[in-house]
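Next come the chains, spelled out residue by residue.
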Amino acid sequence: MNRFTGKNVLVTGGTSGIGLAVAQAYAAEGARVVITGRDEKTLGQAVAQVGAGTVGLRNDASNMADAKALGAALKSQDIKLDAVFINAGVAKFAPFDQVDEALWDLTFDTNVKGAYFQLQAVLPQLNPGASIVLNGSINAHIGMPNSSVYAASKAALITLARTLSAELLPRGARVNVVSPGPVQTPLYGKLGMDAAQLEATAAQIQAQVPLGRFGRPEEVAATVLHLSSPESGFIVGTEIVIDGGMSQL
């Protein structure tokens with residue numbers, strides 16, 4: 001299919017994992033893709049992977065100057081957007097009694113504050129009928145130990161999506177959320193755990209998934225593209241959970 005031929009789309013945090021898979025899926029269906037990332041080298045590699053015509057913008061969601069400048073960067077290249085996937089985020093897990101202010105600030109500055117102001121910054125660049133998809137998480141629903149800060153940040157993002165759905169609808173924009181369960185991405189190597197802890201945690205999580213496996217980034221991408229396309233035009237303010245039944249069965 002070529003649902004996005006002639007369309008411009010933005011994927012924040014598009015250099016790896018789910019973000020990269022979504023960017024590649026948009027490009028495969030004809031979109032001109034803009035991706036953001038914090039690291040110039042990684043960003044350049046991702047641009048090459050997504051393909052010809054891809055625009056890479058160095059942008060750190062946790063940095064307010066960067067977040068607020070995102071719209072200006074798009075405007076300078078005369079890019080008006082038909083779809084936005086707000087994906088840039090961090091996941092650091094720690095027991096409640098070991099959480100410090102630095103972990104709290106990094107998580108909320110990136111996952112909530114950054115997402116909010118990135119979206120606010122690109123608002124003037126949205127075409128009528130644009131679709132906005134936010135990346136949530138089932139951690140907002142399941143009460144997993146050691147995930148208190150991360151889960152709270154994703155719960156805030158899901159609530160924000162519902163509010164913005166109502167507020168932006170008069171502008172012709174739809175807002176929805178995808179909330180993945182465990183997905184095999186590089187993010188699982190950035191949880192602040194050593195190799196043994198990471199392996200044990202992954203095994204424990206997988207045992208809780210009725211399908212018996214981690215999800216694939218491409219499976220999340222398929223749902224993001226559905227929510228970004230006209231075929232989902234009657235879906236507004238909705239959260240779609242993609243977790244192999246982990247929070248449902």
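Since the model is a prediction, treat every value here as computed from it, not as a measurement.

Undergrad: Would you explain the pairing of strand E3 (residues 55-58) in this entry?
TA: One face of the sheet, then the other: side chains in a regular strand alternate in exactly this way. Side chains Val55 and Leu57 of E3 all project onto a buried face; the interleaved residues Gly56 and Arg58 project onto a face where none is buried. Examined bridge by bridge, strand E2 (residues 32-37) and E3 share four bridges and lie parallel to one another. By the bridge assignment for E3, Ile35 is matched with Gly56. Traced from E2 through helix H2 (residues 40-50) to E3, the parallel crossover comes out right-handed.

Undergrad: Looking at this structure, I do not really get the sheet that holds strand E6 (residues 174-180). What am I missing?
TA: Across a sheet, strands are paired by hydrogen bonds formed along the backbone, either parallel or antiparallel in direction. Pairing in this open sheet of seven strands is parallel, and the strands run E3-E2-E1-E4-E5-E6-E7 from one edge to the other. Each edge of the open sheet carries a strand with a single partner, namely E3 and strand E7 (239-242). In this sheet, neighbouring strand axes are inclined to one another by 20 degrees on average, regardless of whether the strands run parallel or antiparallel. In this sheet, strand E5 (residues 126-135) lies alongside strand E4 (residues 81-86) in parallel orientation, the contact comprising five bridges. For Phe85, the partnering residue across the bridge sits in E5 and is Val133. Contacts from helix H3 (residues 64-76) reach strand E1 (8-11), E2, E3 and E4, with the element oriented near 150 degrees to E3.

Undergrad: Would you mind going over empty space enclosed by the protein with me for this structure?
TA: To find leftover empty space, a probe the size of one water molecule is rolled over the atoms. On inspection of all chains with the given rule, the structure shows one cavity of 30 Å³ or more. Reported here for the largest cavity is a volume of approximately 40 Å³. Residue lining of the largest cavity: Ile86, Asn87, Ala88, Asn111, Ala115, Asn135, Lys154 and Leu157, and that is the complete set. Among the elements of the structure, helix H4 (101-122) and helix H6 (148-168) are those that each provide at least two residues to the lining of the largest cavity. In the lining of the largest cavity, the residues fall into four nonpolar, three polar and one charged.

Thresholds, definitions, all that
- Residues numbered from 1 in each chain as written.
- Predicted model: local features only at pLDDT ≥ 70, side-chain atom pairs only at ≥ 80, totals over all residues.
- Heavy atoms only, no water.
- Buried < 20%, exposed > 50% of the residue type's maximum accessible area, 1.4 Å probe, protein only.
- Helix = DSSP H or I, 4+ residues; strand = E, 2+ residues; numbered from the N terminus.
- Pairing = 2+ DSSP bridges.
- Right-handed = clockwise from strand over helix to strand, strands pointing away.
- Axes fitted to C-alpha atoms, helices over the stretch in contact; angles between N-to-C directions.
- Contact = heavy atoms within 4.5 Å.
- 1 Å grid on protein atoms, 1.4 Å probe; cavity = no way out; pocket = protein on both sides within 12 Å on 5 of 7 lines; lining within 4 Å.
- Points joined across faces, edges and corners; volume = space filled by probe spheres on them.
- Nonpolar A, V, L, I, M, F, W, Y, C, P; charged D, E, K, R; others polar.

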